[in-house]
Amino acid sequence: SLKDMQKIKKVYIHSVCAHSFISGGFISSNKVEREIWIDRLKLIIDCSNEIGSDVIILPLMDDFSINSIKKEKLLIDSFGKIPPLPSHLKILVETDLSAKTCLNLLNKINRSDLGIVYDLGNSTQLNHDIYEDIKCLHHIIGEVHLKDKDNSASFRLGNGNTDFEAAVSALRECKWQGRFVLETPIFNDWQQEAEKNFLFAKRLISSIESA
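Before going into details, it helps to say that this report is about the structure given with it. Counting of residues starts from 1 at the beginning of each chain's written sequence and follows it residue by residue. Since the coordinates come from a predicted model, pLDDT governs what is reported: local features require at least 70, and pairs of side-chain atoms require 80 or more to be given and counted, while whole-chain, interface and lining totals use all residues. Based on all heavy atoms of the structure, the side-chain values leave hydrogens and waters out of the count.

Focus on the sheet that holds strand β1 (residues 15-17)
Overall, parallel pairing links the 6 strands, which are arranged β1-β2-β3-β4-β5-β8 in an open sheet. Only two strands of the sheet have a single partner each, and these edge strands are β1 and β8 (179-182). Between one strand axis and the next, the sheet turns through 30° on average, direction left out of account. Only strands that DSSP links by at least two bridges are regarded as paired with each other. Helix numbers and strand numbers start at the N terminus; a helix is a DSSP run of H or I with at least 4 residues, a strand a run of E with at least 2. For strand β5 (residues 141-146) and β8, the ladder comprises 4 bridges, and the chain directions are parallel. Its bridge partner lying in β8, Leu146 is registered against Leu182. Angular values range over 0 to 180 degrees, each being the angle between N-to-C directions of two axes fitted as lines to C-alpha atoms, with helices fitted over their stretch in contact.

Laid out in C-alpha cells, this is it:
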C-alpha cells in the first residue's frame, strides 16, 4: 500500500493536489455533476487522512476560476456540504483572484480548515504585487509554491521575472512559517534543473529564516 511504501522509502506525502478539480465540476450548474465532485472531494479527504497528509490543494483556476457571483455562490454551497476536516488536515485553495478578493471569498466560505496556496510564479504572470499580496494574506497562507515565470513561460528559479526579494521581505516581516514546494520545469535535464532549483530554494529559505 501507499502507507507501506512511505515507511519503506521514508518519503512522505504531506501535500495532495486535487488537480482534476480544475475542470470546474465542483461549481457546476448541473446539480448531479456537482454532487459527483463533492463526493470526490470527500473521498480525497478520507484518503489524504489515511496516508497522513496535512494539506489538500484545490486549484480555483481555468474552468474552476471564481469569476462570477454565480460561481461564488456555487462554491460556497459546495463547501457547505463538506463536513469539517480532521484537525490536522486543511484544504488550501490556489486562485487567480486578487489578494483582497481572495480574502473576501474565504471570509464568505467561513471555514477554519480552509486556507490558501500562494504561487509566486503565477502571481508574477498575473501581474500581482507579491509583497502586498503576502502582507495581506500571510495569516491564511499554508503553502508557498516556488516558481519563476514571465508573462507566458516558466524558468529555472532566478531566471524569470518573479520578484523573490519582495517575497523574502514580506515573509520575513510577517514572520511566516510554513511549507515551500518547488514547482519548476525539468527542461532537457531533470537532474540538473532539480539541483539548481534546490540550491536556489535553499538559499532563499535560509535568507528568510536568518532574519
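Overview of unusual backbone geometry
Phi angles above zero are rare outside glycine, and Lys10 is one such case at about 60°. Residue Lys10 is classed as exposed on the basis of its relative accessible area of 60%. Here the phi dihedral of Lys175 falls at roughly 55°; this positive angle occurs in a residue that is not glycine. Looking at the secondary structure, you find Lys175 in the loop between α7 (164-173) and β8. Here's how the labels work: a residue is buried when its accessible area is under 20% of the maximum for its type, exposed when over 50%, partly exposed in between, all with a 1.4 Å probe on protein chains only. Here Lys175 falls in the exposed class, since its relative accessible area comes to 69%.

Concerning the pairing of strand β4 (residues 114-119)
Counted residue by residue, β4 has 6 buried out of 6 residues, so it is predominantly covered. Relative to β4, strand β3 (residues 90-95) is paired through 3 bridges, and the arrangement is parallel. What sits directly across from Val93, in β4, is Ile116. With the strands pointing away from the viewer, any crossover whose connection runs clockwise from the first strand over the helix to the second is right-handed. With respect to chirality, the unit in which β3 leads through helix α4 (residues 99-109) into the neighbouring parallel β4 is right-handed. As paired elements, β4 and β5 share 4 bridges and run parallel to each other. Across the sheet, residue Val117 finds its bridge partner in β5, namely Glu143.

A look at the pattern of salt bridges
Whenever Lys or Arg places a side-chain nitrogen within 4 Å of a carboxyl oxygen from Asp or Glu, that contact is recorded as a salt bridge. Tallying each qualifying case throughout the model produces 11 salt bridges. Across the pair Glu35 and Lys81 runs a salt bridge whose closest N-O atoms are separated by 2.9 Å. Remark: Lys81 occurs in the loop between α3 (69-80) and β3 and Glu35 occurs in helix α2 (residues 31-50); sequence separation between them is 46 residues. You can call Lys81 partly exposed: its relative accessible area is 30%. Among the salt bridges present, the one from Asp77 reaches Lys81, with a minimum N-O distance of 3.6 Å. We classify Asp77 as partly exposed; its relative accessible area is 34%. The network of salt bridges with common partners includes Arg34, Glu35, Asp77 and Lys81.

A closer look at the environment of Asp54
One can find Asp54 in the loop between α2 and β2 (55-60). Between the C-alpha atoms of Asp54 and Ile22, which are 32 residues apart in sequence, the distance is 21 Å. Contacts: residue pairs with any heavy atoms within 4.5 Å of one another. Dropping the residues within four chain positions of it, Asp54 is found in contact with His14, His88, Leu89, Lys90 and Arg179.

Focus on the nonpolar core
Residues grouped as a nonpolar core are buried Ala, Val, Leu, Ile, Met, Phe, Trp, Tyr and Cys residues, joined through side-chain atoms within 4.5 Å. By size, the foremost hydrophobic cluster in this structure holds 53 residues, and its most contacted members are Phe26, Leu75 and Ile91. The leading source of residues in this core is α4, at 6 residues. Setting aside its immediate chain neighbours within four residues, Ile91 contacts Leu41, Ile45, Ile56, Leu58, Phe79, Leu85, Asp113, Leu114 and Gly115.

The quantities given are spatial measurements derived from coordinates; they are silent on function.
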